[in-house]
Amino acid sequence: MQENIEGLKYICLKLDLAEWLDSIKADGNLNNAQDLIRTGIILALKCDESVVQNKQDEVISRNEGDRNYNTGDIDLDGYITLLMKMFGGDLANQSKYRMQALANLGVEMIRDNFYDEVIQWDKIENEIKKKL
Amino acid sequence: MSMVFVELKLTNWIPYSGDQNLKFNSAHDVMNMSMIRGQNKGGKSAIIRAIKWVLYGDTGDVSEYQRPLELLNRDAKNNGDFKYSVCFILYNEGKRVEITRTMSVPGGVSIAKDTDFNEELSIKEDKNYIFGDELEGYIKKILPRDISDFFLFDGEMLQQYKGLATSTTAAKKLKIQIEKVIKTPYIKAARDDMNAIKRDLLKAVKDRTDDKQIDLLLTRLEELSIKEEECSNSLERLETDVRTEEEAIKKIESNLRNHEEMIEITKELETVKKRVTHTEHNVQNAKDIMKTQSSNAWTYLASTLIGSRRSDLERKGNELSKFIDENRTNDVLNNLYKESIGHCNLCHGKLTPEQKAHIESKLQEYSTENTSDAEIQLKDIRKLLNKISNTDDLEMLRKQPASYYSNIEQLHEYNIEIENLNKQAKSSEQKDIIDLMQQKVNCENEKKQLDESIERIFNELNGPEGIRKAKKDVDLLYSKLQKDKPIYDRNQSLLELCTKVERTLSETLENLIYQVREEIEEYANEMYSKMTVESSLTSLKINEGFGLDVLDANNEKITTSSAGNQIVAMSLLYGLKKATGLNGPLLIDTPFARVDLEHRQSMLNSYAEMTDQIILLVHSGEINEGGDLEKSIAQNIGARYNIKKESDTNSRLIRI
């Protein structure tokens, strides 16, 4: 999932996920896409290392329409980075690329498993608790 | 007046194909009630229409049942039989009267148009036929159209009788109804004629007088008379317009009744649509809550994550804290050593090189641990622990999806319901109903405006400062001025005479009406107490302005329910008939349209006593066949008919 760009000032979401976020925002389910990206990262933190790594290895291409989100908007006071550090397993492996992989993985999980016309926050909570 | 309806013979009349007979019970008997039962749109109203048509040449309807082809039975028309007729047999003042009205087309016409029909009226009194110009006059004599509303009426319209007296305008109508019944129109006509003669005389006298004062008075009188005539004409026109609107409303209501089933569906649709709106609001509400709350959901979920490792984090935090503290002591010692510059800080003695080497080696040993990483880690742990929320910020979000799905499911069910109702409802019929309802509102608004105009003009004419009062004053002044002067003109003496006669006629009118008012009130109360189920002490009062009030035991005005209104209306009708000697039959279509079961019983019992002959056109919803209500009046029912609707174009009257 790495691309030869400058150190990640932006993390990039796959086009289909970015469009899905746009659509649920348009449906009035969400105020900001960043809120759900943060939730996605938190959800993905408890995934197996290999799953996250696979996601990190996927090719991401802004030329194909995958979309940038400013990491500053997502990780406002370094809280997300801190969570990744504390709950993300191998500390050495924490980076913005990692955050990008977690965001893509987590948003995808929400879209595929915890969304049916509305976001099923109760199920997301259960999923997080299940992995604790 | 003594009148009994005997028989009605219908030929190809609206829903009745071929010949149909309806024999009413004989009056002056205990069994003075006839009951004709039929379903809606089955042919009940066609009976009342037949009687009106045979008597007055039209059915009383405004927008339909006016043209011959609307009155001709459709089966007959399709079979090429273009003749229809109604024969009405009754006894009037002991004489048998047979009135027949026939419409037919000349021979040789294969496809009849409305204009092809010829009308024929025949009246036979005992064995004698009435001829020519006397025909219409004869009907006017025995049952004038003006007062036919006291004999033949639609139960739904009973409310109008209550309405006759519940407002100033309506009170005037009640007065007009009473005037009609006690034949005051004749006196009024005489007064109006006298007025016209007086106006001519005024002009003649005015032309010949030299007296300026008298000339002035006569000019004023002339002006007032013109205004009076204008107002009277306006009133007449407006009243005709009101009647037209009332007929239109009646027609619309009748049409709406024909759509009863459809109206129910429409109402149900409206209810479901309201529920849909409400549920959609709930859905939106749930979404709004979820949207607002979604901004902070992630912090709560992060907090959950941190909370799960709280004790680990706290333990690690403590360890780090301890470690940092220990290393801080070492720093102090190190500083102390540096500051001492080779001297002991306690005894101030000079340290030997061996002692220095020993202290430096010990300090080196303690300072192998770097505290900066530990401090960063501790800061991170504290930051995380501070993020643990003590409140359940996800509570609302947890509940909302369930609420959302339940409402969405409900919406789905409502939509299925709407779809089914729409399938039952013909959209064209729905549109008709909406149109009819709109027409009714328009008519009611128009009528309201007309009523207001009538009230205004009526007050202008009859009010304390009105034209008639002014005219009377000028008349008196004129008489006073003339009193001492010799009558030198024939016109002047005729004018005086006219004024006196006109005044006498006006006073007679007033007296007659007020006398009869008291009688009406007395009789109306007699019937009202019989019909009222509640053991209350309410009574009816017709006030001096001919307004009708319902009073409680303390003589305070009260309002009445729908059933109460119908009872008031029937009581008033009874009072009017009784006080004015209109002791004829009573034919009511849909008599219990707005009356509850309890009041139906009391009203039904009273109907039998109300008049010598009563004919009820009911649908089974009003009086169940063989039900308690019917059984309770079984001894009064002399004739029973069922209207059997065989098809949309053919109903049959079956005596049972």
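As the structure is a prediction and not an experimental result, all values here were calculated from the model.

The rules behind these values
Residues numbered from 1 in each chain as written. Chains lettered and ligands numbered in written order. Predicted model: local features only at pLDDT ≥ 70, side-chain atom pairs only at ≥ 80, totals over all residues. Heavy atoms only, no water. Helix = DSSP H or I, 4+ residues; strand = E, 2+ residues; numbered from the N terminus. Buried < 20%, exposed > 50% of the residue type's maximum accessible area, 1.4 Å probe, protein only. Contact = heavy atoms within 4.5 Å. Areas by Shrake-Rupley, 256 points an atom, 1.4 Å probe, with all protein chains shown as cover. Pairing = 2+ DSSP bridges. Core = buried A, V, L, I, M, F, W, Y, C linked by side-chain atoms within 4.5 Å. Axes fitted to C-alpha atoms, helices over the stretch in contact; angles between N-to-C directions. Parallel < 35°, antiparallel > 145°, perpendicular 65-115°, else oblique. Nonpolar A, V, L, I, M, F, W, Y, C, P; charged D, E, K, R; others polar. Buried area = accessible area lost by both parts, 1.4 Å probe. Salt bridge = Lys/Arg side-chain N within 4 Å of Asp/Glu carboxyl O. Polar contact = N/O pair within 3.5 Å; in protein donor to acceptor, adjacent residues only side chain to side chain. Phe/Tyr/Trp six-rings, centres within 6.5 Å; stacked < 30°, edge-to-face > 60°. Lys NZ or Arg CZ within 6 Å of the ring centre and 35° of its normal. Patch = residues over 30% accessible without salt bridge, like charges linked within 9 Å, V, L, I, M, F, W, Y side chains within 5 Å. Lys, Arg positive; Asp, Glu negative; His and termini not counted. Charge placed at Lys NZ, Arg CZ, Asp CG, Glu CD.

Topic: the overall build of chain B
If you tally the helices and strands in chain B, you get 20 helices and 14 strands. Evaluated residue by residue, chain B yields a buried proportion of 46% over its 656 residues. Taking all contacts inside chain B whose residues are at least 6 apart in sequence as the whole, residues at least 24 apart take part in 73%.

Comments concerning the overall build of chain A
Of the regular secondary structure elements, chain A holds 7 helices and 4 strands. What you see in chain A, going N to C, is helices and strands ordered as β-α-α-α-β-α-α-α-β-β-α. Per-residue burial for chain A yields a buried fraction of 52% across its 132 residues. A sequence separation of at least 24 residues applies to 83% of the contacts in chain A between residues at least 6 apart. Accessible area for chain A stands at about 5,700 Å²; split by element, carbon and sulfur atoms hold 44% of it.

Brief notes about the pairing of strand β5 (residues 95–104) of chain B
Two strands pair when backbone bridges link them, and strand β4 (residues 84–92) of chain B and β5 of chain B are joined in this way by 9 bridges, in the antiparallel orientation. Among the inter-strand pairings, Tyr84 of chain B is bridged to a residue of β5 of chain B, identified as Met103 of chain B.

Things to note about the nonpolar core
Counting 82 residues, the largest nonpolar core has Leu21, Ile37 and Leu83 of chain A as the members making the most contacts within it. Leaving out residues up to four positions away in the same chain, Ile37 of chain A has contacts with Ile11, Leu13, Leu21, Tyr69, Ile74, Ala103 and Val107 of chain A. Ranked by size, the runner-up nonpolar core spans 49 residues in total, among them Leu22, Ile48, Leu121 and Leu587 of chain B.

With respect to the packing of helix α2 (residues 33–44) of chain A against helix α7 (residues 121–130) of chain A
Residue and element names in this part refer to chain A. Where α2 contacts α7, the axes come no closer than 10 Å and their chain directions differ by 30°. Judged by the angle between their axes, α2 and α7 are roughly parallel. Across the interface between the two elements, Leu36, Thr39, Ile42 and Leu43 from α2 touch Trp121, Ile124, Glu127 and Ile128 from α7. The class makeup of the residues in the contact of α2 with α7 is 6 nonpolar, 1 polar and 1 charged.

Here's the deal with the interface of chain A and chain B
Contact with chain A, which involves 32 residues of that partner, is made by 31 residues of chain B. Both sides of the chain A and chain B interface together cover about 3,000 Å² of buried area, and 67% of this is carbon and sulfur. The largest contributions to the chain A side of the interface with chain B come from Tyr79, Phe87 and Trp121 of chain A, which together make up 23% of the buried area. For Glu125 of chain A, the salt bridge identified is with Arg398 of chain B, shortest N-O distance 2.6 Å. Here chain A is connected to chain B by 12 residue pairs in polar contact (both at pLDDT 80 or more). When residues of the side of chain A that touches chain B are traced back to their parent elements, those giving at least two are α2, α5 (79–87), β4 (118–119) and α7 of chain A. Among the elements that make up the side of chain A that touches chain B, the one with the highest residue count is α5 of chain A (7 residues).

Some thoughts on the side chain of Lys55 of chain A
Residues and elements named next belong to chain A. By the secondary structure assignment, Lys55 is in helix α3 (residues 49–57). Judged by its relative accessible area of 7%, Lys55 falls in the buried class. One polar contact links Lys55 to Glu108, side chain to side chain, over a distance of 3.1 Å.

Quick look at the packing of aromatic side chains
Within this structure, the stated rule accounts for 9 aromatic pairs over all chains. Their ring planes at 40° and their centres at 5.0 Å tell us that Trp13 of chain B and Trp53 of chain B sit as a pair that is tilted. Taken together, the residues span a long stretch of sequence, with Trp13 of chain B in strand β1 (residues 3–13) and Trp53 of chain B in helix α1 (residues 44–56) at a distance of 40 residues. Taking the centre distance of 6.0 Å and the plane angle of 55° together, the rings of Tyr84 of chain B and Phe117 of chain B count as tilted. Linking Tyr84 of chain B in strand β4 with Phe117 of chain B in the loop between β5 and β6 (118–125), this pair joins segments that are 33 residues apart in sequence. Among the aromatic residues, ring-to-ring pairing joins Trp13, Trp53, Tyr84 and Phe117 of chain B into one connected group. The aromatic ring of Tyr79 of chain A is capped on one face by Lys387 of chain B, whose charged end is 4.4 Å from the ring centroid.

Thoughts on the packing of α5 of chain A against helix α13 (residues 371–386) of chain B
Interhelical geometry of α5 of chain A versus α13 of chain B gives an angle of 110° and a closest axis separation of 11 Å. As far as their axial angle goes, α13 of chain B and α5 of chain A are roughly perpendicular. The residues of α13 of chain B that touch α5 of chain A, namely those facing Tyr79, Leu82, Leu83, Lys85, Met86 and Phe87 of chain A, are Asp380, Ile381, Lys383 and Leu384 of chain B. The class makeup of the residues in the contact of α5 of chain A with α13 of chain B is 7 nonpolar, no polar and 3 charged.

A word on the pattern of salt bridges
Overall, the coordinates contain 33 salt bridges over all chains when judged by the stated rule. Two residues, Arg96 of chain B and Glu98 of chain B, come together in a salt bridge whose shortest N-O distance is 3.0 Å. Notably, a salt bridge pairs Glu630 of chain B with Arg640 of chain B, separated by 2.7 Å at the nearest N-O pair. Of this pair, Glu630 of chain B sits in helix α20 (residues 628–632) while Arg640 of chain B is found in strand β13 (residues 637–647), placing the two residues 10 residues apart along the sequence. Residues joined in a network through salt bridges with shared partners are Glu125 and Lys129 of chain A together with Asp392 and Arg398 of chain B.

Some thoughts on a negative patch on the surface
Residues and elements named next belong to chain B. Together, Glu518, Glu519, Glu522 and Glu526 make up a negatively charged patch on the protein surface. Note on placement: Glu519 falls in helix α17 (residues 490–531). Judged by its relative accessible area of 35%, Glu519 is partly exposed.

Let's talk about the sheet that holds strand β7 (residues 128–130) of chain B
Residue and element names in this part refer to chain B. As summarised here, the arrangement of the 6 strands in space is β2-β1-β4-β5-β6-β7, forming an open sheet in which the pairing is antiparallel. Each edge of the sheet is formed by a strand with only one pairing partner; in this case those strands are β2 (16–23) and β7. Sheet twist, expressed as the mean angle between neighbouring strand axes with direction ignored, is 15°. Two elements, β5 and β6, share 8 bridges in a ladder whose sense is antiparallel. From the neighbouring strand, Glu98 faces β6, where its bridge partner is Lys124. Strands in contact with helix α4 (residues 134–142) are β1, β4, β5, β6 and β7; relative to β6, the strand with the most contacts, it is inclined by about 55°.

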